[in-house]
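One letter stands for each residue in the lines below.
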Amino acid sequence: MREPSSPPPSFLFVDADPRALAALRRLSRHLPGDKRFALGVREAERLMGETAPSVVVCGYGLPDGDGLCLLNCVRARHPRAACALHTTHPPSRGLREEGITWMDRAAPPQQVLALLSSLS
């Protein structure tokens, strides 16, 4: 959670499914801060080059790469960024050790919104 004097968060949502991105766009519309949306790794990297994200939420399977690999790259480049893997089933290897939160794709909207708020 950010301190009161810090700037609003910058969210980056990455998913191969335009419907999932649209749902995240609707869900996050009232959260403070900038929100950007990408359909794959290349687009996400371009957006990160424009503005460093403070929160990255990423689907697992992307058309041009692996979402977990993207989040690990984000953690390496932007260690203060909060990262969440948005998928139905968490991967077998530990996300917590990598500093990545699991966000259940099947979770009710209020639970997803609460997690987004806690990450920002």
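Relevant structure appears above.
The sections below set out a description of the structure shown in this document. None of the values given here were measured: they were computed from a predicted structure.

How each quantity is defined
Residues numbered from 1 in each chain as written. Predicted model: local features only at pLDDT ≥ 70, side-chain atom pairs only at ≥ 80, totals over all residues. Heavy atoms only, no water. Helix = DSSP H or I, 4+ residues; strand = E, 2+ residues; numbered from the N terminus. Contact = heavy atoms within 4.5 Å. Phe/Tyr/Trp six-rings, centres within 6.5 Å; stacked < 30°, edge-to-face > 60°. Buried < 20%, exposed > 50% of the residue type's maximum accessible area, 1.4 Å probe, protein only. Core = buried A, V, L, I, M, F, W, Y, C linked by side-chain atoms within 4.5 Å. Polar contact = N/O pair within 3.5 Å; in protein donor to acceptor, adjacent residues only side chain to side chain.

## Structural notes on the side chain of Thr-87
Tracing the chain through its elements places Thr-87 in strand S6 (residues 82–87). Once you skip the residues sitting within four places of it in the chain, Thr-87 turns out to touch Tyr-60, Trp-102, Met-103, Asp-104 and Arg-105.

## As for the packing of aromatic side chains
A full pass over the atoms with the stated rule returns two aromatic pairs. Judged by centre distance (5.2 Å) and plane angle (15 degrees), the rings of Phe-13 and Phe-37 are stacked. You can see Phe-13 sitting in strand S1 (residues 10–14) and its partner Phe-37 sitting in strand S2 (residues 34–38), a full 24 residues away along the chain. Taking the relative accessible area as the measure of exposure, Phe-13 reaches 0% and is therefore buried. Among the aromatic side chains, those forming a connected cluster through ring pairs are Phe-11, Phe-13 and Phe-37.

## Some words on the nonpolar core
Among the nonpolar cores identified, the biggest contains 19 residues, and Leu-12, Val-14, Leu-70, Leu-71, Val-74 and Ile-100 are the most heavily contacted of them. Taken together, the elements giving at least two residues each to this core come down to S1, helix H2 (41–50), strand S3 (55–59), helix H3 (67–77) and S6. Not counting chain neighbours up to four residues away, the residues in contact with Leu-70 comprise Val-14, Val-41, Ala-44, Glu-45, Met-48, Cys-58 and Leu-62.

## Points about the environment of His-30
Inspection of the secondary structure puts His-30 in the loop between helix H1 (18–28) and S2. Overall, the relative accessible area of 69% leaves His-30 in the exposed class. In this structure the C-alpha to C-alpha distance between His-30 and Trp-102, which are 72 residues apart in sequence, comes to 22 Å. A distance of 3.3 Å separates the side chain of His-30 from the side chain of Arg-29, its partner in a polar contact.

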